[in-house]
Amino acid sequence: MVVIDLHTHSTASDGTDTPEQLVQAAAAAGVDVLAITDHDTTAGWDPAEAALPAGLTLVQGTEFSCAWFGPNRRIGLHLLGYLYDRDDAELREARARLRESRLHRGEAIVNNLIGAGYPITWEQVTDISAGGAVGRPHIGRALVESGVVPDVGAAFADLLSPFSPYYVRNYDQDVFDMIRLVRNAGGVTVFAHPRARRRGQVVADEVIAEMAAVGLDGLEIDHPDLAPEDRADLRVLADQFDLVRTGSSDYHGTNKPIRLAAETTTHDQYEALLSRRNTAVAPIVLTT
Ligand code: AMP
Ligand code: FE
Ligand code: FE
Ligand code: ZN
């Protein structure tokens, strides 16, 4: 059996393993194909590739911060882009904009918390993120460090939740634009954890239909945050719109309790995803 995990994070964003440690941990966990998908960055790609253990295949990816902009509301969502040309100018700009916004938005959340009397500093958070794309888990760790909460999960349950008075949302890229951008850069896209309800509102099936119409390639159906009923519904949608079905751990090291390969993608679905690449645009060779 081939073990395939298509969604993991390193210290290039909000994971706790360096890219080198991530690929080593994956090999040790029996993973054969690993995607590194840090938020809004490609910074982990090269160090992961340089440290790749024999027998492990690396799939270069990014988890893009996006939103669906409806007539009178917006819903934030995550789009996984794989094997796209990282030198594509438009995508490069989009990543830079998203990372920049993460910085300002992180600082705004921290200022809200400081204003309410919580003993953390922005410097503490940037020390923890250490150059990686800033996210709420870094703020969570600062709150743990300062003794406000026992663990990052507790910070997310309350102070960092979207329903918290201290929450500030990210700038997000229009999801339809992002699907087109990744596609134009030769890559493939997968809608990450499409019905992760405890992260906030989820989009309607009609939105998934529209995403498929502009070129979405797959749905991440087997994900730790998705309930069995939702997975069953999503399988029906995947069939209906000819979308690949993936499964992944969304591993974040010690920031989350999920283990590598806790959820996996089947070999035939992985092959189906690869076959949807436009290799004329981005002849990325998988590193094995
Ligand atoms: P942000 O990207 O800054 O909005 O933060 C969201 C990120 O926090 C997600 O990508 C997850 O990696 C992480 N996250 C969400 N919920 C939790 C949780 N309960 N515990 C730890 N990390 C979480
Ligand atoms: Fe994350
Ligand atoms: Fe995500
Ligand atoms: Zn993720």
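Residues numbered from 1 in each chain as written. Chains lettered and ligands numbered in written order. Predicted model: local features only at pLDDT ≥ 70, side-chain atom pairs only at ≥ 80, totals over all residues. Heavy atoms only, no water.

What follows deals with the pairing of strand E3 (residues 57–69). Among the 13 residues in E3, 12 count as buried, and that is most of the element. In this structure, strand E2 (residues 33–39) lies alongside E3, joined through seven bridges in parallel fashion. What sits directly across from Leu34, in E3, is Leu58. Across nine bridges, the pairing between E3 and strand E4 (residues 74–82) is antiparallel. Across the sheet, Glu63 pairs through a bridge with Leu80, a residue of E4. Hairpin connection of E3 to E4: four residues between the antiparallel strands. Judged from the two bridges that link them, E3 and strand E5 (residues 173–174) form a sheet pairing that is parallel. Its bridge partner being in E5, Cys66 is matched across the sheet by Gln173. (Buried < 20%, exposed > 50% of the residue type's maximum accessible area, 1.4 Å probe, protein only. Helix = DSSP H or I, 4+ residues; strand = E, 2+ residues; numbered from the N terminus. Pairing = 2+ DSSP bridges.)

A few words on the packing of helix H3 (residues 89–115) against helix H7 (residues 175–184). With their axes 9 Å apart at the nearest point, H3 and H7 run at an angle of 135° to one another. By the criterion of interaxial angle, the relationship of H3 to H7 is oblique. In this structure, H3 uses Glu90, Leu91, Ala94 and Leu98 to contact H7, whose residues at the interface are Met178, Leu181 and Val182. Of the residues contributing to the contact of H3 with H7, the split by class is six nonpolar, no polar and one charged. (Axes fitted to C-alpha atoms, helices over the stretch in contact; angles between N-to-C directions. Parallel < 35°, antiparallel > 145°, perpendicular 65-115°, else oblique. Contact = heavy atoms within 4.5 Å. Nonpolar A, V, L, I, M, F, W, Y, C, P; charged D, E, K, R; others polar.)

Within the secondary structure layout, Ser65 lies in strand E3. For Ser65, a relative accessible area of 2% puts it in the buried group. At a separation of 2.7 Å, a polar atom in the side chain of Ser65 contacts the side chain of Asp40. A distance of 3.2 Å separates the side chain of Ser65 from the side chain of Arg102, its partner in a polar contact. When near neighbours in sequence (up to four residues on either side) are disregarded, Ser65 contacts Asp40, Leu77, His78, Leu98, Arg102, Asn170, Asp172 and Gln173. (Polar contact = N/O pair within 3.5 Å; in protein donor to acceptor, adjacent residues only side chain to side chain.)

Moving on: the coordination of the zinc ion (ligand 4). Bound to the zinc ion (ligand 4) are the protein donor atoms His7 (NE2), His9 (NE2), Glu63 (OE) and Asp250 (OD), situated 2.1 to 2.3 Å from the metal. Here the zinc ion (ligand 4) binds four donor atoms, and the angle range of 77 to 168° at the metal identifies the geometry as irregular. If you list the donors of the zinc ion (ligand 4) from N- to C-terminus, the spacing comes out as H-x1-H-x53-E-x186-D. With relative accessibility at 2%, the residue Asp250 sits in the buried group. (Donors = N, O, S within 2.8 Å, 3.2 Å for Na, K, Ca; no water. Tetrahedral: all angles 85-135°; square planar, octahedral: opposite > 155°, others 65-115°.)

Geometric values such as these leave the question of function open.
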